[in-house]
Amino acid sequence: MHIPDGWVDLPTSAAAAVVAVAGTAVAARRGAAALRDRATTMPAVVAAYVLVAQLLVLPVGFGTSAHLVGTGLAALLVGPSVAIVCIAVVVVTQALVLADGGVTTFGLNLINDGLIPALVAWGLFVAARPLVRRAPEGRLRRRAAAAAGGVAAGVGSLAAAAAATLAFAVGGTDAVPTSVVAASIGGAHAVLAVVEAGLTAAILAAVLRLRPDLVRAMPRPAPVAVRAPEPAAAAPGGVRR
Amino acid sequence: MSSAHGGARAAARLLSPVSALAPEAKVVGLVAFLVAVAVTPPSRPAVLALAGAVALAVAAVALVDWRAVAGRLTLDLPLVVLAIAYALAGREPDAEVLGVALSEPGLRAGLTVLAKATIGIVAVSALAASSSVPEIVAGLRRVGAPAWFRRLVGLTARQLEVLRAEGARLRLAVAVRIGSPRRTAALSGGARALGSLFVRSTERADRLQLAAELRGAPPGTVPAEVETPAAAGPGDWVLAVTPAALVVIALVVGP
């Protein structure tokens, strides 16, 4: 969701901008190696992918557009630091090129779309990773990882909704009771979180099958022996029924 | 491959008085205008009306494609719902609108958010119609954005083209295999297709990068930075901040 201009008052927006810029600067420093590495195009691919994914707006809820956030997926693919920087690019592009989301609420959008879902999704997935590793290597482990990633992304999107509601409670207009806004945001994002979880799991499963090396969240243990590639990998990009 | 560089779109762009302005001045002017609109309180509808008129005038001078503006206006739909929800659920006192009792402060707050977003869409369309990604990246360099950030913006813009092209190919492949891509079929295969879309665009992005380096581009150059528009002169800055200045003046002295 993108918070428009005028949804919260200026002091709240300004405070959020300070937090968001500081958080993004820390993320940029931590992800510096990946961002400066001239050979890799992954951050740009992820940013473009999230930008496209966020255009699939679901018409749910009162006044706040709900769409696939994609941040949880981005965090699992490139790690939280690079993901946050990618989302920063996405949010700036959306505000200045697509007019989606406000200019003064840039900081809030960065926190809601970037910092919170990225950190929550990554943290949950890392916590669940030992469990995923217990699944036997191969298809079962891929499914376990995809399911864990889906749940992590879904919870990340719920956490973002909670943060948006908090922002409204602090600095929103007093013309509407906060409880009404909280109920509508919560309701919309409950639906959204399920969609987000399902899509993230499906996309993650496909990427794990085709190019497991692209998923930062599942570093592969050093190979014990050279194995023949799995049959599925022989048809990259194939859409199988 | 040229589709991946956004060349076609740049060529199709109309040249207008606004596209002659230096990109950094345009971006700064747009941000200043949007901030001025954003700080306008709901109690000053006349200022918002003036801002709307200014945005429309600039968009007309910038020769925007009004159909594209209309498409972008779909971003307003959630805010229309927001305005209705605010009007229904807002606090007292109620105002009678067409025989329905609606909350006056709620209605006012909701309509203000909607109006600001609409003005933003028109203003942003004026920038989008009059600047190309290479120009904006060059503008970012002049306002001191770090190199990695510019590179990420430029590459992301290029990746959008890659994604669009790969997506079209995937859609065609799905259509060929399962007949007409209806909603249900598209949804079941869609999520998996999204996964392979990601993998395919990653691989194509790597090939494009390699090709650019083989052609002798310095490693990591964004094609965007090759074309350099003229730097902003004082005239550019004055023209670019005029819309924002008008709104600020109206805020200070207006009704």
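Since the model is a prediction, treat every value here as computed from it, not as a measurement. Residue numbering note: each chain is counted from 1, following its sequence as written. Labels are handed out in written order, letters beginning with A for the chains and numbers beginning with 1 for the ligands. The predicted origin of the model limits local features to residues at a pLDDT of at least 70 and limits the giving and counting of side-chain atom pairs to 80 or more, whereas totals for whole chains, interfaces and linings rest on all residues. Working from all heavy atoms in the structure, the side-chain values ignore hydrogens and water.

Quick notes on the overall build of chain A
A tally of helices and strands in chain A yields eight helices and two strands. Three labels apply to residues, based on accessible area from a 1.4 Å probe with only protein chains included: buried if under 20% of the type maximum, exposed if over 50%, partly exposed otherwise in between. Scored against the burial criterion, the 241 residues of chain A give a buried share of 57%. As displayed, chain A has an accessible area near 9700 Å², and 69% of this comes from carbon and sulfur atoms. Runs of H or I in DSSP of at least four residues are treated as helices and runs of E of at least two as strands, each being numbered from the N terminus. Only the protein chains shown count as cover for residues, and all accessible areas are computed by the Shrake-Rupley method using a 1.4 Å probe.

Notes on the packing of helix H7 (residues 139-171) of chain A against helix H8 (residues 178-210) of chain A
Residue and element names in this part refer to chain A. Only C-alpha atoms enter the line fits that serve as axes; for helices the fit covers just the stretch in contact. Angles between N-to-C directions range over 0 to 180 degrees. Interhelical geometry of H7 versus H8 gives an angle of 155° and a closest axis separation of 7 Å. When the interaxial angle is binned, H7 and H8 end up roughly antiparallel. Along this stretch, H7 crosses H8, giving a crossing that reads as right-handed. Partitioning the contact of H7 with H8 into residue classes produces 19 nonpolar, eight polar and three charged. By the definition adopted for this analysis, an angle is roughly parallel if under 35 degrees, roughly antiparallel if over 145, roughly perpendicular if from 65 to 115, and oblique otherwise. Handedness of a crossing is defined here by the sense of rotation of the near helix relative to the far one, left-handed for an anticlockwise turn of less than a right angle and right-handed for a clockwise turn. Side-chain classes are defined by residue name, with Ala, Val, Leu, Ile, Met, Phe, Trp, Tyr, Cys and Pro counting as nonpolar, Asp, Glu, Lys and Arg as charged, and the others, Gly among them, as polar.

A short note on the packing of aromatic side chains
Whether two aromatic rings pair depends on their centres lying within 6.5 Å, for rings of Phe, Tyr and Trp, where Trp uses its six-membered ring; planes under 30 degrees apart make the pair stacked, over 60 edge-to-face, and the rest tilted. Applying the stated criterion to the full structure yields one aromatic pair over all chains. Taking the centre distance of 5.1 Å and the plane angle of 70° together, the rings of Tyr 49 of chain A and Phe 198 of chain B count as edge-to-face. Residue Tyr 49 of chain A is found in helix H3 (residues 42-53), and its partner Phe 198 of chain B is found in helix H9 (residues 183-214); the two belong to separate chains. Judged on exposure class, the residue Tyr 49 of chain A and its partner Phe 198 of chain B are both buried.

Brief notes about the pattern of salt bridges
Working definition: two side chains of opposite charge can pair if their charged atoms are close together. Definition used for salt bridges: Asp or Glu carboxyl oxygen within 4 Å of a side-chain nitrogen of Lys or Arg. Under the definition given, this model contains five salt bridges over all chains. Between Arg 141 of chain A and Glu 137 of chain A there is a salt bridge whose closest N-O contact spans 3.6 Å. According to the relative accessible area criterion, Glu 137 of chain A is partly exposed, its value standing at 48%. One salt-bridge network, held together by shared partners, links Arg 211 and Asp 213 of chain A together with Glu 203 of chain B.

Details of the confidence of the model for chain A
All names here are of chain A. Put simply, chain A has an average pLDDT of 79, and 81% of its residues get 70 or more. Segment residues 58-63 is flagged for pLDDT under 50; beyond a separation of four residues in sequence, or across chains, it makes 15 contacts in the model. For every residue, the predictor states its confidence as a pLDDT score lying anywhere from 0 to 100. Any two residues having at least one pair of non-hydrogen atoms within 4.5 Å are treated as being in contact. Note that residues 232-241 has pLDDT below 50 and, in this model, 17 contacts with residues that lie over four places away or in other chains.

Overview of the nonpolar core
The criterion is simple. A nonpolar core is a set of buried Ala, Val, Leu, Ile, Met, Phe, Trp, Tyr and Cys residues joined through side-chain atoms within 4.5 Å. Ranked by size, the top nonpolar core spans 81 residues in total, and within it Trp 7, Val 46, Phe 125, Val 207 and Val 215 of chain A together with Tyr 86 and Phe 198 of chain B carry the most contacts. Broken down by element, the residue count for this core peaks at 10 residues, all from helix H5 (residues 80-98) of chain A. Bear in mind that the domain bounds are from an automatic or database domain assignment. Of the residues that make up this core, three or more belong to each of domain 1 (1-132 + 230-250) and domain 2 (146-224) of chain B. If we ignore the near neighbours within four places in the chain, the residues touching Phe 198 of chain B are Met 42, Val 45, Val 46, Tyr 49, Leu 77, Val 207 and Leu 214 of chain A. In terms of nonpolar packing, the next biggest core, distinct from the first, is built from 29 residues, Leu 34, Val 54, Leu 127 and Ala 244 of chain B among them.

Here we look at the interface of chain A and chain B
Between chain A and chain B, the residue contacts involve 61 residues of the former and 60 residues of the latter. Where chain A meets chain B, there are one salt bridge. Ionic pairing is found between Arg 211 of chain A and Glu 203 of chain B, a salt bridge with its closest N-O pair at 2.9 Å. Definition of a polar contact: a pair of N or O atoms within 3.5 Å, with one able to donate and the other able to accept a hydrogen when the atoms are protein atoms, and with sequence-neighbouring residues admitted only if both atoms are side-chain atoms. Counting across the interface, chain A meets chain B through one residue pair in polar contact (both at pLDDT 80 or more). Counting residues per element, the ones that place at least two in the side of chain A that touches chain B are helix H1 (10-30), helix H2 (32-36), H3, H5 and H8 of chain A. It is H3 of chain A that contributes the most residues to the side of chain A that touches chain B, 10 residues altogether. Of the residues that constitute the side of chain A that touches chain B, the class distribution is 40 nonpolar, 11 polar and 10 charged.

What to know about a nonpolar patch on the surface
Together, Leu 77, Val 80, Ile 84 and Leu 88 of chain B make up an exposed nonpolar region whose accessible area comes to about 380 Å². Of note, Leu 77 of chain B is situated in helix H5 (residues 77-89). Residues qualify for a patch when their relative accessible area is over 30% and they have no salt bridge, like charges being joined within 9 Å and the nonpolar side chains of Val, Leu, Ile, Met, Phe, Trp and Tyr within 5 Å.

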